[in-house]
Each structure stands twice: as structure tokens, then as C-alpha cells.
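Reading the structure
If you want the building blocks of each chain, they are given just below.
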Amino acid sequence: METAEAENQTGDFMTREDVLGIQAAKLAGLGARLAGSAVWRDHFRRAGLHPQDLADRQALSALPPLEKADVRAHYPFPFLTVPVEDVARFCATSGTTGLPVLFGFTRRDWERTVVKQLSRIFRTVGIAPGDLVYQGYGYGMWIGGTSMDQALHAYGAVNFPIGPGRGELVIQWLRDHRYTATTMSPLWLMTLISLAEKAGIDPKRDWHLRRGLFGGQSVSASYRREMESLMPAGFMAHNIYGTTEAGGPILAVSCEHSHEADEMHLINDDSVMTEVLDPVTLRPVQPGEVGEIVITTLEKEASPVVRWRTRDLVRLSDHPYDCPCGRSGFPLIGRIVGRSDDMLKVRGVMVYPSQIEDVITGIEGTVKEAWQIYVAKGDSHLDSVEVAIERASSCGKSDTEIAREAQTKLKARLGLSCKVVCHGEGVLPRYESKAVRVVARGDGVEGGQTS
């Protein structure tokens, strides 16, 4: 066991050349597996290719990326490469913009690959075997909670699989059970902190958390710092990123050094190959530029994807291979700044919800987890947006003062004038996992659209 763990830790610090060599070998193996699938052969044939062409890495760039329409055309089990009876379990996408899509996992996928990928993440952030972990991601068909359960068990952590919800109980258990680590949405932690304060529990004094893995919703650095300031001394809130299509919350995580810079390592780039591409030209972006994450699952046996467009936009680090932690094999990216299909075009200016969040969370007296953007239903080119925020009940400013400050700072950041409506605390929706930030209004009725 000690030898295996030492080998795992050595793999965490591979050089970039090592990772590229592993990718090349696994691409060839992936091509050989996909050659046995009629649906995959047809997909490659449309680009004038055969799956086994992946033995030459250059063939990958000639293959058009997979889109949602591609997988939905093969409903109900898109691009499944093993018999259904060989699937150990299915997980589903959120289905916020259509029917959920199912992705299968063989026993090896679930018990070995996912475990290996998440164990590397645990090591990166400093979660250790024996840590008491409040697992706060959701369950059901969603991959977050179930994959964490599987990996925490194999890793040797003590798992409390509560999931989101039951906040009045959780705030007491965080005190009484003395959890040392957690996995959850950052929005849910802020809700728990608020509940604790109302119940006379001081998270900074009464809780014992030292590490958190926060995913499901990208939040600004200022939001994260506020969370940390309200928690026990030394607590570190790590960003984590993944997708159902990739095989779980396994794509990226911050380390002790990249955390402050609001960056993450593509920590499993040797098993899920990640390209950061210009969303229009589909060419690789350069350091410092924003691009879309496109993934290829190199090891997955059931429901693999090749060049899947996540639509998630990130900024490739100015120095992607120079992190002081020594994980030079795994490039650095910034947090998710938006989605290529959810970007708002307001009077010709491209606006991402993350830019609005940065402004809101930087204003003293706002409730950081509570904000919405309202747009006119059906408009792709907008004349205006309305931003709704909340004033914390403990704040001495008026609603008008906070709204005016937000308007001024949004105009400075975006170059646009936005209508800002400030509400009292508790008016806007709260979310236990992925938040709905952009809401389309039509005929006086609000219809949800995620961002």
C-alpha cells in the first residue's frame, strides 16, 4: 500500500513531457477501443477519419468537437461503447436546458478511474486519510455526491454523506462531529454560515474545518476570501471543476500556491486530455487568453467523449507550467469565467455573469450569494440588463446607497449602465448547488435560464 501511494504521489509531479507521452499512448488505445463501435466509426467517418487515426496525435485536431446535438441524437445512451449490462451505474447531466443525458460507468470506470482521479485531488489540497469529511454535494443521478462517496471510501477518509439541505442540523454537526474537510457548493457554505450565526454558533470558533472542495458554481476570489474569513483560522477554500461528461468533478483543482492567484491545475490531464480553444476558431489559445475547455476522456470504458465542448470559458494562465508546487505536468487555468453559449451581448459589449459577480461581491454590505441578472426573453442582442442584489440586514447603508454604488462600479467594470435593484436580505433565491443567475423575463413571468 505504501509503495502504491508513493507511486501515486510521484505521478502528481510528472513533467509536461511525461504527461504528453502518456496522452499519446492513451489516445492510441482509445482509438483502438472506439474502432469497435459503429457509432464512433460513423462519427469519425464524417471527418474523413477512422478512430485508429488517433494513434497520430495530429488527427485529433482534425476531428470536429462533440456538441450537445450529437449526444442527443443518440438518445438514450449516447456513444455507449459497452453493452448496457456491463454498466455499473449511470449518471446524468443537469438537464437545465433540455432532457438530461445519461453517461455510463463500468465497474473499472467507477471503482478505479474515478477513485484515482479524485484521490489526486484530495492529495493536492491536503485532505488526508482519516479526515472527517462532510460530503455536501447532491445525490441521485448527479455525479457530484456519488463520486465523492466512492473516492472518499477508497481513500480512507471518514465520510459523512449528508448532501445539501438540513442546514439546521448540519451547523450543529459541524460543531459536534468536528469535521475537518468538506465538499459542497460555495453558495451552500455561505447559507450554512448565515444559519449558524442566527443560531448562536460561530463558525470561526465552533467549527473545525481546515479544507474545502467547492464546485458546482464558480465564484469570485473576493467571495472565496470572505468565506475563508468567516471560517476557522487556516481554512482554505479550494476551487474544484469537472463535468458529468468528463467523468466527475475531476478536471481541475487549486493547490496551496495557485489558490491565491485564483487558478487551478488541470490535475488529471493524463487521463482526461483538456484543450483550451478559441470558441470561434477552435484553435488553441495562448497563455493569458480566454478559451473554451474541450475534453477527451482517455481511460473511460463506457460513454467516452472525444473533443467534447464543455462551453465553459477559462483564462489560460500567463505561466501555465510554472507553479511553485512542482506540478509542472498539469497546466494552470483560471476559474470558470462564463459559458460560450451564455455570454450576454449588451449593446454590442460581451458581458459574463462572473464580471457582475466580481463587482457585487466587492461591495461592502451586499449578500454575496444572492444576486440575479434579468434579461428580456428571447433577445440575443440586449439593450439593457437588470441586476438584482440584496442588502445584508447588518449593513448600515440604505438600499438606495448600495444600488447606486453597484451601478457606478458596474459601469466602470463593464462600460455599460445597468439598472440595479437592491432588496432586503432573504428576498432572492438561494441555491444548494448550481445557481441560476440569468433569468429571462417575458410577459411579466420569469423563466429560468442557467448561466
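Look up: the structure comes first, before these words.
In short, a report on the structure. (Residues numbered from 1 in each chain as written. Predicted model: local features only at pLDDT ≥ 70, side-chain atom pairs only at ≥ 80, totals over all residues. Heavy atoms only, no water.)

1. Quick word on the overall build of the chain
So the rule is basically this: Strands here mean DSSP runs of E at least two residues long; helices mean DSSP runs of H or I at least four residues long; both are numbered from the N terminus. Two things to know: the radius of gyration comes from C-alpha atoms, and the globule rule equals 2.2 Å times the number of residues to the power 0.38. Whether a residue is buried, partly exposed or exposed follows from its accessible area with a 1.4 Å probe, protein chains only, as a fraction of its type maximum: under 20%, in between, or over 50%, in that order. Between two residues, a contact is recorded if the distance between any of their heavy atoms is within 4.5 Å.
When its secondary structure is counted, the chain shows 13 helices and 22 strands. The C-alpha atoms of the chain give 22 Å as radius of gyration, which agrees with the globular expectation for 451 residues (22 Å, within 12%). The proportion of buried residues among the 451 residues of the chain is 55%. Residue pairs at least 24 apart in sequence account for 67% of intrachain contacts in the chain once pairs closer than 6 positions are excluded.

2. Describing unusual backbone geometry
That bond from tyrosine 75 to proline 76 is cis: its omega, 10°, falls within 30 degrees of zero. Checked against the element boundaries, proline 76 lands in the loop between α5 (68–72) and β1 (89–92). With a phi angle near 60°, arginine 178 is a residue other than glycine that sits in the positive phi range. With respect to the element layout, arginine 178 can be found in the loop between α8 (167–176) and β5 (181–184).

3. Regarding the pattern of salt bridges
Here is the rule we go by: One speaks of a salt bridge when a side-chain nitrogen belonging to Lys or Arg is within 4 Å of a carboxyl oxygen belonging to Asp or Glu.
Going through the model one piece at a time under the given rule, you end up with 27 salt bridges. For arginine 123, the salt bridge goes to aspartate 12, with nearest N and O atoms at 2.8 Å. Remark: aspartate 12 occurs in helix α1 (residues 2–12) and arginine 123 occurs in helix α6 (residues 107–125); sequence separation between them is 111 residues. The same class applies to arginine 123 as to aspartate 12, namely buried. Where arginine 309 meets glutamate 292, a salt bridge forms, and the shortest distance between an N and an O atom there is 2.7 Å. Of the two residues, arginine 309 sits in strand β12 (residues 308–315) while glutamate 292 sits in strand β11 (residues 290–297), which places them 17 residues apart along the sequence. Glutamate 292 matches arginine 309 in its accessibility class, with the two residues each being buried. Because the salt bridges share partners, they merge into one network encompassing Arg224, Asp262, Arg335, Glu357, Asp358 and Arg413.

4. Thoughts on α6
Using the following cut-off: One less than the number of residues in a helix, times 1.5 Å, gives the span that helix is expected to have. The angle between axes fitted to the seven-residue stretch ending at a residue and the seven-residue stretch beginning at it gives the bend at that residue.
Between its first and last C-alpha atoms α6 spans 27 Å; for 19 residues at 1.5 Å apiece the expected length is 27 Å, and the two agree. Of all the bends in α6, the greatest, near 30°, is centred on valine 115. A large share of α6 lies buried, amounting to 14 of its 19 residues. Phi turns positive, to about 90°, at glycine 126, one or two residues after α6.

5. Thoughts on the sheet that holds strand β10 (residues 272–277)
To keep things clear, this is the line we draw: Note: two strands are recorded as paired if DSSP finds a minimum of 2 bridges between them.
Taken in spatial order, the 4 strands make up an open sheet running β10-β11-β12-β14, and their pairing is antiparallel. Two strands in the sheet have a free side with no partner beyond their single neighbour: β10 and β14 (338–339). With 2 bridges connecting them, β12 and β14 associate as antiparallel partners. Paired with leucine 313 across the two strands is glycine 338, which belongs to β14.

6. Details of the side chain of threonine 180
Topologically, threonine 180 is positioned in the loop between α8 and β5. Beyond its immediate sequence surroundings of up to four residues, threonine 180 is in contact with Asp131, Leu132, His208, Leu209, Arg210 and Arg211.

7. As for the packing of aromatic side chains
Aromatic ring pairs are defined here through the distance separating the ring centres and the angle between the ring planes. Going by this rule: Side-chain rings of Phe, Tyr and Trp, where Trp is taken by its six-membered ring, are said to pair if the distance between their centres is within 6.5 Å; with planes under 30 degrees apart they count as stacked, over 60 as edge-to-face, and otherwise as tilted. Charge over a ring is defined by NZ of Lys or CZ of Arg lying within 6 Å of the ring centre and within 35 degrees of the ring normal.
Here the structure, examined in full by the defined rule, presents 9 aromatic pairs. Relative to tyrosine 179, the ring of phenylalanine 160 has its centre 4.7 Å away and its plane inclined at 50°; by these criteria the two rings are tilted. On the criterion of sequence distance, the pair formed by phenylalanine 160 in strand β4 (residues 158–160) and tyrosine 179 in the loop between α8 and β5 is long-range, its members being 19 residues apart. Clustering of aromatic rings is evident, with ring pairs tying together Trp40, Phe44 and Phe79. Stacked on the ring of tryptophan 110, the Lys or Arg arginine 89 has its end atom at 5.1 Å from the ring centre. Sitting over the ring of phenylalanine 105, lysine 300 keeps its end group 4.1 Å from the ring centre.

8. Describing the environment of proline 186
Within the secondary structure, proline 186 is located in helix α9 (residues 186–198). Residue classification places proline 186 among the buried residues on the basis of a relative accessible area of 1%. If we ignore the near neighbours within four places in the chain, the residues touching proline 186 are Phe214, Gly215, Gln217, Val219, Tyr223 and Met227.

9. Here's the deal with the packing of α8 against α9
Applied cut-off: As a rule, the C-alpha atoms of each element are fitted with a line to give its axis, helices using only the stretch in contact, and angles between N-to-C directions run from 0 to 180 degrees. Roughly parallel means an angle under 35 degrees; roughly antiparallel means over 145; roughly perpendicular covers 65 to 115; every other angle is labelled oblique. Residue polarity is assigned by list, with Asp, Glu, Lys and Arg as charged and Ala, Val, Leu, Ile, Met, Phe, Trp, Tyr, Cys and Pro as nonpolar; anything else, Gly included, falls into the polar class.
It is the contact of α8 with α9, at a shortest axis distance of 9 Å, that shows an interaxial angle of 80°. Classified by the angle between their axes, α8 and α9 sit roughly perpendicular to one another. Contacts between α8 and α9 involve Gly167, Glu168, Val170, Ile171 and Leu174 from the former and Trp188, Leu192, Leu195 and Ala196 from the latter. Among the residues making up the contact of α8 with α9, the classes are represented as 7 nonpolar, 1 polar and 1 charged.

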